[in-house]
Amino acid sequence: MRQSAVDISDLDLSEDEAMIFPAGLPGLSDYTRYALLSDEETWPFYHLQSLENAQLCFLTVDPFAFFPDYDFELSEAVVKQLQLTSMDDVWVRNIVVVADDFKQSTVNLQAPLIMNHRTRIGRQVILNDPSLAIKEPLFPRVSTESGNR
Amino acid sequence: MLVLRRKVGETLLIGDDIELVVLGVEGDRVKLGIQAPKEIEIIRKELLDEVTEENKRASAVVPSKELLKQLKELRRSEDEGK
């Protein structure tokens, strides 16, 4: 039996705090309303919790905390769709796949979640950049050492 | 599905403003050129499939508070090792 990380009935969210992904996420187009949850204790990790399905929750990170050089360009189509008017509007989070051995966890740098925190509209953008990995090791030092020291 | 035969250099029009031109054929690879308005997004389907798979994998593991603490701890030790 799965346990949800967050009990959505406990979340005290007003409607304008929800983040709307109009097209859902690839593979999960049925769900469009999410909450991006964080507290100081878990930074730079954030839960992205579906507000429509209590069992649907992602672990995401602020990518710049791990990869300060992470850099990409957004297409005009994305800028327009998310109604971005300045860089200050943008929140970037990337979805983590937690491995059985959590040291081997990876993060999807190829398809960041781009959110406009002003308009509360978000989208998972597939960057189509060959230099970015879908499975980038989150802890490259630890995962390549594989315990030998 | 509409199936058409085109020769190298020939073009297809999709709607009013999308042009698809066959630039060349090398073995089993076809080189296509696409001219479309900037708001039309074009990606390889297998890339979308990979992201879909990765999202499913990600949503299959519920990150507990305890796990988060371990991940955070690991990040700190990595940072210190730099």
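No experiment lies behind these values; they were computed from the predicted model shown. Within each chain, residue numbers correspond to sequence positions counted from 1 in written order. For this description, chains carry letters from A and ligands carry numbers from 1, given in the order in which they are written. Side-chain atom pairs in this predicted model are given and counted only at pLDDT of 80 or more, local residue features only at pLDDT of at least 70, and totals for whole chains, interfaces and linings cover all residues. Just so you know, side-chain values use all the structure's heavy atoms and leave hydrogens and water out.

Undergrad: Would you mind going over the overall build of chain B with me for this structure?
TA: Helix and strand definitions here come from DSSP, where helices need a minimum of 4 consecutive H or I residues and strands a minimum of 2 consecutive E residues; each element is numbered from the N-terminal end. The helix and strand tally for chain B stands at two helices and three strands. Ordering the α and β elements of chain B from the N terminus gives β-β-β-α-α. As a reference, a globule follows 2.2 Å times the number of residues to the power 0.38, and the radius of gyration itself is taken over C-alpha atoms. Whereas a compact globule of 82 residues would reach a radius of gyration of roughly 12 Å, chain B reaches 23 Å, over 25% beyond that. Across its three principal directions, the C-alpha atoms of chain B cover 60 × 30 × 30 Å.

Undergrad: Hey, could you run me through the nonpolar core in this one?
TA: The tendency in soluble globular proteins is for nonpolar side chains to be buried as a group. Counting residues in hydrophobic clusters, the biggest one holds 30 residues, and the most contacted among them are Phe45(A), Phe66(A), Tyr70(A), Leu138(A) and Leu71(B). When residues of this core are traced back to their parent elements, those giving at least two are strand E4 (57–61), helix H1 (63–66) and strand E5 (90–97) of chain A together with helix H2 (65–81) of chain B. When residues of this core are assigned to their parent elements, the largest contribution, four residues, is made by H2(B). Residue contacts for Tyr70(A): discarding those within four places in its chain leaves Pro63(A), Phe64(A), Val92(A), Asn94(A), Leu109(A), Pro112(A), Leu127(A) and Leu132(A). In this text, buried Ala, Val, Leu, Ile, Met, Phe, Trp, Tyr and Cys residues form a nonpolar core when linked through side-chain atoms within 4.5 Å. Classification of residues uses two cut-offs on accessible area relative to the type maximum, computed with a 1.4 Å probe and protein chains only: under 20% is buried, over 50% is exposed, and between them is partly exposed. Judged by nonpolar contacts, the second largest core, of 15 residues, contains Met19(A), Ile95(A), Val97(A) and Leu113(A). Contact definition: two residues touch when any of their heavy atoms are within 4.5 Å.

Undergrad: Would you take a moment to explain the sheet that holds strand E1 (residues 11–14) of chain B for this structure?
TA: Consider a sheet: its strands pair through backbone hydrogen bonds, and that pairing is either parallel or antiparallel. Residues and elements named next belong to chain B. The three strands are arranged E1-E2-E3 in an open sheet whose pairing can be described as antiparallel. The open sheet is flanked by E1 and strand E3 (29–35), the only strands paired with a single partner. The sheet shows a mean angle of 25 degrees between the axes of neighbouring strands, taken without regard to direction. At least two DSSP bridges between two strands are required for those strands to pair. Examined bridge by bridge, E1 and strand E2 (residues 18–26) share four bridges and lie antiparallel to one another. Residue pairing across strands places Ile 14 opposite Ile 18, the latter belonging to E2. Note on geometry: axes are C-alpha line fits, over the in-contact stretch for helices, and angles between N-to-C directions span 0 to 180 degrees.

Undergrad: Help me understand the packing of aromatic side chains in this model?
TA: Two descriptors summarise a pair of aromatic rings, namely the distance from one centre to the other and the angle between the planes of the rings. Residue and element names in this part refer to chain A. Any two rings among Phe, Tyr and Trp, with Trp reduced to its six-membered ring, count as a pair given centres within 6.5 Å; such a pair is stacked if its planes are under 30 degrees apart, edge-to-face if over 60, and tilted if neither. By the definition in use, this model includes six aromatic pairs over all chains. Geometrically, the ring pair formed by Phe 66 and Phe 67 is tilted, given 6.3 Å between the ring centres and 35 degrees between the ring planes. There is no split in this pair, since Phe 66 and Phe 67 are both buried. Of the aromatic side chains, those joined through ring pairs into one cluster are Phe 45, Phe 66, Phe 67 and Phe 139. Its end group placed over the ring of Tyr 46, Arg 93 keeps NZ or CZ at 4.1 Å from the ring centre. When the NZ atom of lysine or the CZ atom of arginine is within 6 Å of a ring's centre and also within 35 degrees of its normal, the charge is said to sit over that ring.

Undergrad: For this particular structure, what's the right way to read the interface of chain B and chain A?
TA: As a measure of interface size, the accessible area lost when the parts come together is often cited. Contacts between chain B and chain A engage 33 residues on the former and 47 residues on the latter. The contact between chain B and chain A buries some 3,600 Å² in all, and 64% of this surface belongs to carbon and sulfur atoms. Contact with chain A buries area across many residues of chain B, yet Asn55(B), Arg75(B) and Glu78(B) alone supply 17% of it, more than any other trio. The term salt bridge refers to a pairing of a side-chain nitrogen on Lys or Arg with a carboxyl oxygen on Asp or Glu at a separation within 4 Å. With its nearest N and O atoms 2.9 Å apart, the salt bridge here joins Glu54(B) to Lys135(A). The term polar contact refers here to a pair of N or O atoms within 3.5 Å; inside protein, the definition further demands a hydrogen-donor-capable atom paired with an acceptor-capable atom, and it admits residues adjacent in sequence only when both atoms are side-chain atoms. The tally of links from chain B across to chain A stands at seven residue pairs in polar contact (both at pLDDT 80 or more). Mapped onto the side of chain B that touches chain A, the elements with two or more residues apiece are helix H1 (45–60) and H2 of chain B. Among the elements that take part in the side of chain B that touches chain A, H1(B) stands out by supplying twelve residues, more than any other. Here the term charged refers only to Asp, Glu, Lys and Arg, the term nonpolar to Ala, Val, Leu, Ile, Met, Phe, Trp, Tyr, Cys and Pro, and the term polar to all other amino acids, Gly among them. Residues of the side of chain B that touches chain A, tallied by class, amount to 14 nonpolar, five polar and 14 charged. Values labelled buried area give the accessible surface lost by two parts on being combined, using a 1.4 Å probe and summing over both.

Undergrad: I tried to follow H1(B) on my own but got confused; where do I start?
TA: For an α-helix the count is 3.6 residues per turn, leaving residues at separations of three or four pointing the same way. Take the residue count of a helix, subtract one, and multiply by 1.5 Å to get its expected span. Taking 1.5 Å per residue, 16 residues should reach 22 Å; H1(B) reaches 23 Å between its end C-alpha atoms and fits that length. For H1(B), the complete set of buried residues consists of Leu47(B), Val51(B), Thr52(B), Glu54(B), Asn55(B), Ala58(B) and Ser59(B). The buried side chains of H1(B) occupy one side of the element, clustering within an arc of 165 degrees when seen end-on. On its buried face, H1(B) is in contact with E4, E5, strand E6 (106–107) and strand E8 (121–124) of chain A. Think of the arc as the fan of directions from the helix axis to the C-beta atoms.

Undergrad: Please explain the pattern of salt bridges as it appears in this structure.
TA: Pairs can form between side chains of opposite charge once their charged atoms are near each other. Counted according to the given criterion, the structure contains nine salt bridges over all chains. Close ionic contact of Lys38(B) with Glu76(A) constitutes a salt bridge, the shortest N to O distance being 3.3 Å. Placement of the pair is Lys38(B) in the loop between E3 and H1 and Glu76(A) in helix H2 (residues 76–81), with the two residues belonging to separate chains. Across the pair Arg57(B) and Glu54(B) runs a salt bridge, and its minimum N-O distance is 2.8 Å. Remark: Glu54(B) and Arg57(B) occur in helix H1; sequence separation between them is three residues, near one turn of the helix. The class for Glu54(B) is buried, based on a relative accessible area of 3%.

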